[in-house]
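Each chain, letter by letter, is given below.
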Amino acid sequence: MKLYQSPASPYVRKVVVVAHETGLIDQIELEAVKTAPGAPDADVAKANPVKKIPALVTDDGLSLFDSPVICEYLDSQHEGPKVFPEPGNARWHALRVQAAADGLLDAALLIIYEGRIRPEELHYKPWTDAQMSKVDGALAALDTWSEDFGDRVDIGTITAGCALGYLDFRFPDKDWRGENRALATWYERFSARPSMQATKPVG
């Protein structure tokens, strides 16, 4: 399998963490690409019609894209403990956490793009403030839910861990831990997992 990726992408990190946790990492070729909203990589565009990473090409040539889809595919390719729980309440809870953490990332990335891509004279503070309020809303929900995370390793906790790592990486001045103590305590444990240590963002 080939994964088009950038090590700084939190969505890529999510996929690679799942690959580590499922024991599939050695079966995946990590193809680093340089891509941006206004300048997509040509190979990525062939694998993903919306021209974004991560994009996975399987051994039989099937192109899969968007991190939830890729993660679920990888989870179907191994025999060990699953990161997507079986149908039932546990699955819905995991998917809800994944959705909140992905929403946090979506809003955080829009803030980054506003600062990097739009000319400074066109920056619109109410827009970035609105996106940060989404980040804060997701953090508050994750803080409440984290009291029940325990030592779970599922698609929800993996996505939450990658989202918090992205905040530390791109928003180092944001004290998200101060108002989310339970979440911070959980993250300290979860981020020590080998899969998380091996995928710390760079660049």
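Here, every reference points to the structure presented above.
The text that follows walks through the structure, step by step, so that each part is easy to find. Per chain, residues are indexed from 1 in the order of the written sequence. With pLDDT at 70 or above as the cut-off, local features in this predicted model cover only qualifying residues; side-chain atom pairs require 80 or more to be listed or tallied, and sums for whole chains, interfaces and linings still use all residues. Side-chain numbers here rest on the full set of heavy atoms in the structure, without hydrogens or water.

1. Observations regarding the sheet that holds strand S1 (residues 2–5)
For clarity, the threshold we go by: Note on pairing: DSSP must find at least two bridges between two strands before they are called paired. Strands here are runs of E lasting at least two residues and helices are runs of H or I lasting at least four, both read from the DSSP assignment and numbered beginning at the N terminus. To obtain each axis, a line is fitted to C-alpha atoms, and for helices this fit is confined to the stretch in contact; angles are then taken between N-to-C directions over 0 to 180 degrees. The contact criterion used throughout is that any non-hydrogen atoms of two residues lie within 4.5 Å.
The four strands are arranged S2-S1-S3-S4 in an open sheet whose pairing can be described as mixed. Lying at the two open borders of the sheet, with one neighbouring strand each, are strand S2 (29–32) and strand S4 (63–65). Neighbour-to-neighbour, the strand axes of this sheet turn through a mean angle of 25 degrees, independent of strand direction. Where S1 and strand S3 (residues 55–57) come together, three bridges link them in antiparallel fashion. Along S3, the bridge assignment pairs Tyr4 with Ala55. Packing of helix H3 (residues 67–75) onto the sheet brings it into contact with S1, S3 and S4, and relative to S4 it is tilted by some 125 degrees.

2. Here we look at the side chain of Arg13
Definition in use: Each residue gets one of three labels from its accessible area relative to the maximum for its type: buried under 20%, exposed over 50%, partly exposed in between, using a 1.4 Å probe on protein chains only. Asp and Glu count as negative and Lys and Arg as positive, but His and the ends of the chain are not part of the count. A side-chain nitrogen of Lys or Arg and a carboxyl oxygen of Asp or Glu constitute a salt bridge if their distance falls within 4 Å.
The topology assignment puts Arg13 in helix H1 (residues 10–21). Asp168 provides the closest opposite charge to the buried, salt-bridge-free Arg13, at an N-O distance of 7.8 Å. Among residues more than four places away in sequence, those in contact with Arg13 are Gly161, Cys162, Gly165, Met196, Thr199, Lys200 and Pro201.

3. Quick look at the pattern of salt bridges
Under the defined criterion, the tally for this structure stands at seven salt bridges. For the salt bridge of Asp129 with Lys125, the shortest nitrogen-to-oxygen distance reads 2.8 Å. A residue pair is termed a helical-turn pair when its members lie 3 or 4 positions apart in one helix, as Asp129 and Lys125 do in helix H5 (residues 125–145) at four residues. Residue class for Asp129 comes out partly exposed when judged on its relative accessible area of 39%.

4. Digging into unusual backbone geometry
Cis geometry marks the peptide bond from Ile53 to Pro54, where omega comes out at 0 degrees. Within the secondary structure, Pro54 is located in the loop between helix H2 (42–47) and S3. Unlike most non-glycine residues, Lys51 shows phi in positive territory, near 60 degrees. Of note, the phi angle at Asp66 is positive, near 80 degrees, even though the residue is not glycine. Checked against the element boundaries, Asp66 lands in the loop between S4 and H3.

5. So, helix H6 (residues 155–170)
Put simply, the test is: To estimate the expected span of a helix, count its residues, drop one, and scale the result by 1.5 Å. Here a polar contact means two N or O atoms within 3.5 Å. Within protein one must be a hydrogen donor candidate and the other an acceptor candidate, and residues neighboring in sequence count only if both atoms are side-chain atoms.
The terminal C-alpha atoms of H6, which comprises 16 residues, lie 22 Å apart, in line with the 22 Å expected from a rise of 1.5 Å per residue. Along H6, 13 of the 16 residues are buried, which leaves the element largely enclosed by surrounding structure. Backbone nitrogen of Gly156 and a side-chain oxygen of the N-cap are separated by 2.9 Å at the start of H6; the cap is Asp154.

Shape is all these values report; function is a separate question.
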